[in-house]
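# Understanding the architecture of this molecule
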Amino acid sequence: MRAGDKILFDKYEWCVLDTQSDATLIITESIIEQRAYHNRAGDVTWADCELRAYLNGPFYDSFSEENRLRIMAVANQNADNPWYGAKGGEDTQDYIFLLDTEEAVCKY
C-alpha cells in the first residue's frame, strides 16, 4: 500500500497516510462522528481526556475481533500544542489516536 491509497477496513473507508515495513497508518475518509475532547472545561492532556478513553475503548471494541488483532498499539509522544499553549502530557500507548499538530498541518 502507498500513501493516498483508499482501503476498506471493517465498516469504514480509510486513506493510507504512510506505510513502514509491516505497519500502515490510516485515517478515515470522512468524519465518523463528532465528540468533545473532554467532558468538562479546563486543562486536560491527551492521556486523561474522554476522547482518548472512547477511541481506545468503545470505538476500538466496535471493530470485529479479527480486525482488532490487526490494529497495533502505537507509542505516542504527546508534544505541547504551540497554537493553543496546551500541554501535551505524558506519552501514551494507543490503538486509535488523533494526528498531532505537526502531523496534521505539516506531514500529511
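The paragraphs below set out a description of the structure included in this document. Keep in mind it's a predicted model, so treat the numbers as computed, not measured.

## A closer look at the side chain of N67
Note on placement: N67 falls in helix α2 (residues 65–68). On the accessibility criterion, N67 (9% relative accessible area) is buried. When residues no more than four places from it in sequence are discounted, the contact partners of N67 are F9 and D10.

## Considerations on the sheet that holds strand β2 (residues 12–20)
Strand order across the open sheet formed by three strands is β1-β2-β3, with antiparallel pairing between neighbours. Of all strands in the sheet, those bounded by a partner on one side alone are β1 (6–9) and β3 (23–28). Averaged over neighbouring strand pairs, the angle between their axes works out to 50° when direction is ignored.

## Observations regarding the packing of aromatic side chains
Across all of its chains, the model carries ten aromatic pairs by this definition. Taking the centre distance of 6.1 Å and the plane angle of 90° together, the rings of Y12 and W14 count as edge-to-face. Per residue, the accessibility class of Y12 equals that of W14, and both read buried. Both rings, one in Y12 and one in F63, keep their centres 6.3 Å apart while their planes meet at 65°; by these two values the pair is edge-to-face. Here Y12, found in strand β2, pairs with F63, found in the loop between α1 (50–61) and α2; they are 51 residues apart in sequence, far enough to count as distant. You'll find Y12 and F63 in the same group, each marked buried. What links up through ring pairs into an aromatic cluster is the set F9, Y12, W14, Y54, F59 and F63. Here R35 stacks its cationic end above the ring of Y54, 3.6 Å away from the centre of that ring.

## Section: α1
Between its terminal C-alpha atoms α1 stretches 16 Å, which fits the 16 Å expected from twelve residues at 1.5 Å a residue. The set of residues buried in α1 consists of L51, R52, Y54, L55, N56, G57, F59 and Y60. On its buried face, α1 is in contact with β2, α2 and β5 (92–94).

What counts and what doesn't
Residues numbered from 1 in each chain as written. Predicted model: local features only at pLDDT ≥ 70, side-chain atom pairs only at ≥ 80, totals over all residues. Heavy atoms only, no water. Helix = DSSP H or I, 4+ residues; strand = E, 2+ residues; numbered from the N terminus. Buried < 20%, exposed > 50% of the residue type's maximum accessible area, 1.4 Å probe, protein only. Contact = heavy atoms within 4.5 Å. Pairing = 2+ DSSP bridges. Axes fitted to C-alpha atoms, helices over the stretch in contact; angles between N-to-C directions. Phe/Tyr/Trp six-rings, centres within 6.5 Å; stacked < 30°, edge-to-face > 60°. Lys NZ or Arg CZ within 6 Å of the ring centre and 35° of its normal. Expected span 1.5 Å × (residues − 1).

On their own, these measurements won't tell you what the molecule is for.
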